[in-house]
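Spelled out from the first residue to the last, the chains are:
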Amino acid sequence: MLRRLLGDWRPTWLDLLLSLAVGITGLVESFGRQGSQPGQISDPVPLAVGAVVAGTLLLLRRRFPTPLLLALISIGLAVRAVAGDGYYAAWHFYSTLILVHTVASAAELRSRRGLAGLACVLVAYAGLQTFQRNDIAEFMIGAVFMGVAYGSGILLRRQIDRTLRLAEHTIRLEVEREERARQAVTEERTRIARELHDIVSHNVSVMTLHTGGVRMRLGEEHRRERDMLLGVEKAGREAVEELQLMLGVLRRTGDPDPGAAQPSLERLDELVTQVKETGVDVRLRITGEPRSLPPGLALSVYRVIQEALTNVLKHSPAASVDVVIAHGLTGLDVEITDDGAGGGRSSDGHRPGGHGLIGMRERIAMHGGELSTGPVPGGGYRVVARFPLNTSVTTG
């Protein structure tokens, strides 16, 4: 029965401390003021037992605040009836204030439970006035203490409600942020897949056509070689068809023309010119020995530079931007540095909610590269992308 009433509720450390405080101080008061003089306790046992019971009730104060407040008033009346010397124990007053505070913090005043709690508090206050003869000052002091206890409970409940709402709002925002990030990753991967679809389909088609051309030039004396090349042609055509079936569905209405040329490093000058037209001085510098990059890699390098420049225009009051492409023996480094002050960037270098960094990371990670971003000492912001290169890539 008790387990059904309590459920999974457990007293807190604060409940335990309050319970011990009331019980111990009640015992000290009961036996420490024992005596036959006025203002002393002739029979301390009833008061001591009442203090222990009141302390025990406080363990359950958050589970049954209103019934326990009524029970505490009953305990006070019972102790006075047994003791009969008119002494009012301080532990009873302290326990009453604690329960009044708990009742106020348990429910909204405009609810039925809150109204019932307020009625119980008024009954408790009226009950306190029957324990001893009070003058007007005592009456007002008791009212102040009860009012402060009840008001602090209301303030505590409102603060708890506000904290819970903020926590729920924070969790909801975090879930939405993660969902937007996942959606941004999905959209960027879809975009990459569409672009790679075009590149792979084009290259496989060219390979198939060249293979067919070689086969047609072979004479009948090379029948075996012609049959092998015919098999390569067939495999190439089937590969293109599979690409169309599997990846072609990624194209949506409004996408660029599948036959349009994909951006590459050869079009960087156009990109730089477009940004310059907005008033930002863009300086492009290429170091090292340029290489002929695979189409997919060249496209990713272009997109990273494009995204970095776009973020400069959107989120940074920069006057100039330096774009450096460094060709190395084992890798390609791209560095974009602006002289802006940050202009609303968050810790990842982009405005809150922006997903430019996500797209960059996806493209760079696809090639096994690394991305680092951060402020530049003295002002400005830098984006550095490192793409590893296969040593078999030919120089241009």
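This is a predicted model, so every value here is computed, not measured.

K.L.:
Can you explain the overall build of the chain? Please cite residues and give values.
P.N.:
Counting its regular elements, the chain contains eleven helices and five strands. Here the chain, with 396 residues, has 38% of them falling under the buried criterion. Residue pairs in contact within the chain that sit at least 24 positions apart in sequence constitute 70% of those at least 6 positions apart. Carbon and sulfur atoms make up 60% of the accessible area of the chain, which totals about 23300 Å².

K.L.:
Requested: an account of the pattern of salt bridges, with residues and values cited.
P.N.:
Counted by the stated rule, this structure contains nine salt bridges. Ionic pairing is found between Asp281 and Arg283, a salt bridge with its closest N-O pair at 3.0 Å. The exposure class assigned to Asp281 is partly exposed, which follows from its relative accessible area of 36%. Through salt bridges with shared partners, one network takes in Asp15, Arg61 and Arg62.

K.L.:
For the confidence of the model for the chain, give the residues involved together with the corresponding values.
P.N.:
Averaged over every residue, the pLDDT of the chain is 78; residues scoring 70 or more account for 82%. Overall, residues 343–354 carries pLDDT values under 50, and its contacts beyond four positions in sequence, including any with other chains, amount to 26 contacts. With pLDDT under 50 throughout, residues 391–396 is counted as low confidence; its partners more than four residues away or in other chains account for eleven contacts.

K.L.:
Provide a residue-level description of the packing of aromatic side chains, including the pertinent values.
P.N.:
Each aromatic ring pair is specified by the distance between its two centres and by the angle formed by the two planes. In total, this model carries one aromatic pair according to the counting rule given. Consider the rings of Phe93 and Phe145, whose centres lie 5.8 Å apart with planes at 80 degrees: the pair is edge-to-face. With Phe93 in helix α5 (residues 90–106) and Phe145 in helix α7 (residues 136–217), the pair connects residues that are 52 residues apart, well separated along the chain. For Phe93, a relative accessible area of 19% gives the class buried.

K.L.:
Tell me about the sheet that holds strand β3 (residues 331–338), and please be specific about residues and values.
P.N.:
In space, the five strands of this open sheet follow the order β1-β2-β3-β5-β4, with mixed pairing throughout. If you trace the sheet from one side to the other, it starts and ends with β1 (281–287) and β4 (370–375), each paired once. For this sheet, the mean inter-axis angle between neighbouring strands, taken without regard to orientation, is 10 degrees. Pairing of strand β2 (residues 320–327) with β3, which is carried by seven bridges, proceeds in the antiparallel orientation. Bridge assignment links Asp322 to a residue of β3, and that residue is Thr337. Along the sheet face, helix α9 (residues 268–276) touches β1 and β2 and points at about 160 degrees away from the line of β1. Sitting on the sheet, helix α10 (residues 295–315) is in contact with β2, β3 and β5 (381–388), with an inclination near 10 degrees to β3.

K.L.:
Tell me about the side chain of Ser30, and please be specific about residues and values.
P.N.:
Relative to the helices and strands, Ser30 is located in helix α2 (residues 13–32). Once residues within four sequence positions are removed from consideration, Ser30 is found in contact with Ile41, Pro44, Leu47, Ala48 and Trp91.

K.L.:
Talk me through α5; I want residue IDs and the actual numbers.
P.N.:
In this model, α5 (17 residues) spans 25 Å end to end at C-alpha, consistent with the 24 Å of a helix rising 1.5 Å per residue. Counting buried residues in α5 gives twelve out of 17 residues, a clear majority hidden from the surface. Buried within α5 we find Trp91, His92, Phe93, Ser95, Thr96, Leu97, Ile98, Leu99, Val100, Thr102, Val103 and Ala104.

K.L.:
How would you summarise the nonpolar core if you had to cite specific residues and measurements?
P.N.:
Core analysis: the largest hydrophobic core is formed by 34 residues, its most contacted members being Leu47, Leu69, Trp91, Val100, Val121 and Met146. Taken together, the elements giving at least two residues each to this core come down to α3 (44–58), α4 (65–83), α5, α6 (112–128) and α7. A per-element tally of this core places α5 first, with eight residues. Dropping the residues within four chain positions of it, Val100 is found in contact with Leu69, Val121, Met146, Ala149 and Tyr150. Val280, Leu297, Ala385 and Leu389 belong to the second-largest nonpolar core, a separate cluster that totals 33 residues.

K.L.:
Can you break down the packing of α9 against α10 residue by residue, with the values?
P.N.:
Closest axis-to-axis distance for the α9/α10 pair is 11 Å, and the angle between their directions is 5 degrees. By the angle class used here, α9 and α10 are roughly parallel. Of the residues in α10, those in contact with Leu268, Leu271 and Val275 of α9 are Tyr302, Ile305, Gln306, Leu309 and Leu313. Of the residues assigned to the contact of α9 with α10, the class counts are seven nonpolar, one polar and no charged.

K.L.:
An account of a nonpolar patch on the surface is needed here, citing residue identities and associated values.
P.N.:
Judged by side-chain polarity, Leu27, Phe31, Val45, Val49, Val52 and Val53 come together as a nonpolar surface patch covering roughly 470 Å² of accessible area. Those elements that provide at least two residues to the nonpolar patch are α2 and α3. It is α3 that contributes the most residues to the nonpolar patch, four residues altogether. With respect to the helices and strands, Val45 occurs in helix α3. The partly exposed category is assigned to Val45, whose relative accessible area is 46%.

Conventions adopted
Residues numbered from 1 in each chain as written. Predicted model: local features only at pLDDT ≥ 70, side-chain atom pairs only at ≥ 80, totals over all residues. Heavy atoms only, no water. Helix = DSSP H or I, 4+ residues; strand = E, 2+ residues; numbered from the N terminus. Buried < 20%, exposed > 50% of the residue type's maximum accessible area, 1.4 Å probe, protein only. Contact = heavy atoms within 4.5 Å. Areas by Shrake-Rupley, 256 points an atom, 1.4 Å probe, with all protein chains shown as cover. Salt bridge = Lys/Arg side-chain N within 4 Å of Asp/Glu carboxyl O. pLDDT = per-residue confidence, 0-100. Phe/Tyr/Trp six-rings, centres within 6.5 Å; stacked < 30°, edge-to-face > 60°. Pairing = 2+ DSSP bridges. Axes fitted to C-alpha atoms, helices over the stretch in contact; angles between N-to-C directions. Expected span 1.5 Å × (residues − 1). Core = buried A, V, L, I, M, F, W, Y, C linked by side-chain atoms within 4.5 Å. Parallel < 35°, antiparallel > 145°, perpendicular 65-115°, else oblique. Nonpolar A, V, L, I, M, F, W, Y, C, P; charged D, E, K, R; others polar. Patch = residues over 30% accessible without salt bridge, like charges linked within 9 Å, V, L, I, M, F, W, Y side chains within 5 Å.

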